[in-house]
Amino acid sequence: TKIKKKYGFRIVLIYADGTEVPTQRSGFNTKKEANEARNIVITELHNGNFVIQNKVNVKTYFTYWLEKVKRLELTDDSYGTYKNIVYNHIIPKLGSIKMITLNRSHIQKLYNDVFNFSQSAARLCKTVMNVALSYALEHNIISYDPAKEINLPKNAKKTKYRIREIDSKKTLNEEQIKLLLEKAKDTPIYMQILFAALMGLRRG
């Protein structure tokens, strides 16, 4: 049909509870282009991978995914790590892009930019993108995963082994550790002190 002086088509999605949700695709220059796009949509509907939320951008999706979905299964430390990647790297670079138009070149450029900033941050960014886009694909927010098989740059510089200098004057000796553990026994943080002193494990 004609929509705003160009061609397009309308779809009415009927859900299991009887709810009807109309949607449309428009902006095609010819009736042939509109028909070809319609046939693709029919195939996607048949295969179960039709994207319903086609106006959601990266910022909206990743904010929702992090705060409403992933937050429930992450520890505080892991949430902090994911939050840093989402709000400091992914959203600033890709936030305005629609999820439905997110492609491999967008992902590769993101990885390259973050890699130039920090190699460890780039590895975390790749993990976050893989997990988030896998969820998006599973819930029909995207029709394919643009991050699949996208690798980080290979020109990584080998870092030298770092040597940690320990100031013995600021380090507890065996007797001092025994005393610390003894005095900490009746406090709420005894287990944290025990694990830190004997195994080097932090709270998380």
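Here the structure is shown first, and the text comes after it.
The present account deals with the structure reproduced in this document. Position numbers for residues count from 1 along each chain, tracking the sequence in the order it is written. Thresholds applied to this predicted model are a pLDDT of at least 70 for local features of residues and 80 or more for the giving and counting of side-chain atom pairs; totals over whole chains, interfaces and linings are not thresholded and use all residues. Working from all heavy atoms in the structure, the side-chain values ignore hydrogens and water.

1. Considerations on the overall build of the protein chain
Looking only at helices and strands, the protein chain features seven helices and three strands. The way it works is that DSSP assigns letters per residue, a run of H or I at least four long becomes a helix, a run of E at least two long becomes a strand, and they are numbered from the N terminus. The order of α-helices and β-strands along the protein chain, N terminus first, is β-β-β-α-α-α-α-α-α-α. When we talk radius of gyration, it's over C-alpha atoms, and the globule rule is simply 2.2 Å times the number of residues to the 0.38. Here the C-alpha atoms of the protein chain give a radius of gyration of 26 Å, more than 25% beyond the 17 Å that 2.2 N^0.38 yields for 204 residues. Overall, the protein chain is about 85 × 45 × 25 Å in size when its C-alpha atoms are taken along their principal axes. Each of the 204 residues in the protein chain was classed as buried or not, and the buried ones make up 30%. Note on contacts: a residue pair qualifies if any of its non-hydrogen atoms lie within 4.5 Å across the two residues. Sequence separation of at least 24 residues holds for 56% of the intrachain contacts in the protein chain that already meet a minimum separation of 6. For the protein chain, the distance from the average site of its 35 positive side-chain charges to the average site of its 19 negative ones is 10 Å. Relative accessibility thresholds used throughout: buried, under 20% of the residue-type maximum; exposed, over 50%; partly exposed, between the two (1.4 Å probe, protein chains only). The sign given to each residue is positive for Lys and Arg and negative for Asp and Glu; His and the chain ends receive no count. Charge positions are represented by NZ for Lys, CZ for Arg, CG for Asp and CD for Glu.

2. Details of the pattern of salt bridges
Where charged atoms from two side chains of opposite charge approach closely, those side chains can pair. For this analysis, a salt bridge means a side-chain nitrogen from Lys or Arg found within 4 Å of a carboxyl oxygen belonging to Asp or Glu. Counting across every chain of the model gives six salt bridges. Among the salt bridges present, the one from Asp76 reaches Arg71, with a minimum N-O distance of 3.3 Å. Here Lys178 ties to Glu175 by a salt bridge, and the two come within 4.0 Å at their closest N and O atoms. Taken together, the positions of Lys178 and Glu175, both in helix 6 (residues 174-184) and three residues apart, correspond to about one turn of that helix. Accessibility expressed as a relative area gives 46% for Lys178, which makes it partly exposed. Each of Glu174, Glu175 and Lys178 takes part in one network of salt bridges that share partners.

3. Comments concerning helix 2 (residues 58-69)
To estimate the expected span of a helix, subtract one from its residue number and multiply by 1.5 Å. Along its twelve residues, helix 2 runs 15 Å from first to last C-alpha, staying within 8% of the 16 Å computed at 1.5 Å per residue. Along helix 2, the residues classified as buried are Val58, Tyr61, Phe62, Trp65, Leu66 and Val69. Summarising the axial view, the buried residues of helix 2 lie within an arc of 120°, below the 170-degree limit, and thus occupy one face. Where helix 2 is buried, its residues touch helix 3 (76-94) and helix 5 (119-138). Pairing of N or O atoms within 3.5 Å defines a polar contact, subject to two protein rules: one partner must be a possible hydrogen donor and the other a possible acceptor, and residues neighboring in sequence count only if both atoms are side-chain atoms. In this structure Asn57 caps helix 2, since a side-chain oxygen of it lies 3.3 Å from the backbone nitrogen of Lys59. This arc corresponds to the set of directions leading from the helix axis out to the C-beta atoms.

4. Some words on the packing of aromatic side chains
Within 6.5 Å between ring centres, the rings of Phe, Tyr and Trp (the latter by its six-membered ring) count as paired, and their orientation is classed by plane angle as stacked under 30 degrees, edge-to-face over 60, tilted in between. This structure, assessed with the given rule, holds four aromatic pairs. On the numbers, 5.4 Å between centres and 85° between planes, the contact of Tyr61 with Phe62 is edge-to-face. For the pair formed by Tyr61 and Phe62, the shared burial category is buried. Members of the aromatic cluster, connected to one another through ring pairs, are Tyr61, Phe62, Trp65 and Tyr82. For a lysine, the NZ atom is tested; for an arginine, the CZ atom; a charge sits over a ring if that atom is within 6 Å of the ring centre and within 35 degrees of the ring normal. In this structure, Arg71 packs its charged tip against the face of Tyr79, placed 4.1 Å from the ring centre.

5. Overview of the environment of Lys126
With respect to the helices and strands, the residue Lys126 is situated in helix 5. Taking relative accessible area as the criterion, Lys126 reaches 22% and is therefore assigned partly exposed. For the pair Lys126 and Glu182, spaced 56 residues apart in sequence, the C-alpha separation works out to 45 Å. With near-sequence residues (within four places) excluded, Lys126 lies in contact with Tyr111, Ile150, Asn151 and Leu152. There is a polar contact of 3.5 Å between the side chain of Lys126 and the backbone oxygen of Ile150.

6. Describing a nonpolar patch on the surface
Like charges within 9 Å and nonpolar side chains (Val, Leu, Ile, Met, Phe, Trp, Tyr) within 5 Å are joined into patches, using only residues over 30% in relative accessible area that form no salt bridge. For the accessible areas, the method is Shrake-Rupley and the probe is 1.4 Å, while residue cover comes only from the protein chains on display. Together, Met191, Phe195, Leu198, Met199 and Leu201 make up an exposed nonpolar region whose accessible area comes to about 500 Å². Along the polypeptide, Leu201 turns up in the segment after helix 7 (190-199). What makes Leu201 partly exposed here is its relative accessible area of 40%.

7. Examining the packing of helix 4 (residues 104-117) against helix 5
Where helices are involved, their axes are fitted lines through C-alpha atoms of the stretch in contact, as for all axes, and angles between N-to-C directions lie from 0 to 180°. Two elements in contact, helix 4 and helix 5, have axes whose closest approach is 6 Å; the angle formed by their N-to-C orientations is 150°. Judged by the angle between their axes, helix 4 and helix 5 are roughly antiparallel. Crossing hand, helix 4 versus helix 5: right-handed. Every residue of helix 5 that contacts helix 4 at Ile107, Leu110, Tyr111, Val114, Phe115 and Phe117 is listed here: Gln119, Ala121, Ala122, Cys125, Lys126, Met129, Asn130 and Leu133. Residues that form the contact of helix 4 with helix 5 fall into these classes: eleven nonpolar, two polar and one charged. The cut-offs work like this: below 35 degrees is roughly parallel, past 145 is roughly antiparallel, 65 to 115 is roughly perpendicular, and the gaps in between are oblique. Should the near helix be turned counterclockwise from the far one by less than a right angle, the crossing is left-handed, whereas a clockwise turn marks it as right-handed. Under the grouping applied here, Gly and all other residues not named as nonpolar or charged are polar, the nonpolar ones being Ala, Val, Leu, Ile, Met, Phe, Trp, Tyr, Cys and Pro and the charged ones Asp, Glu, Lys and Arg.

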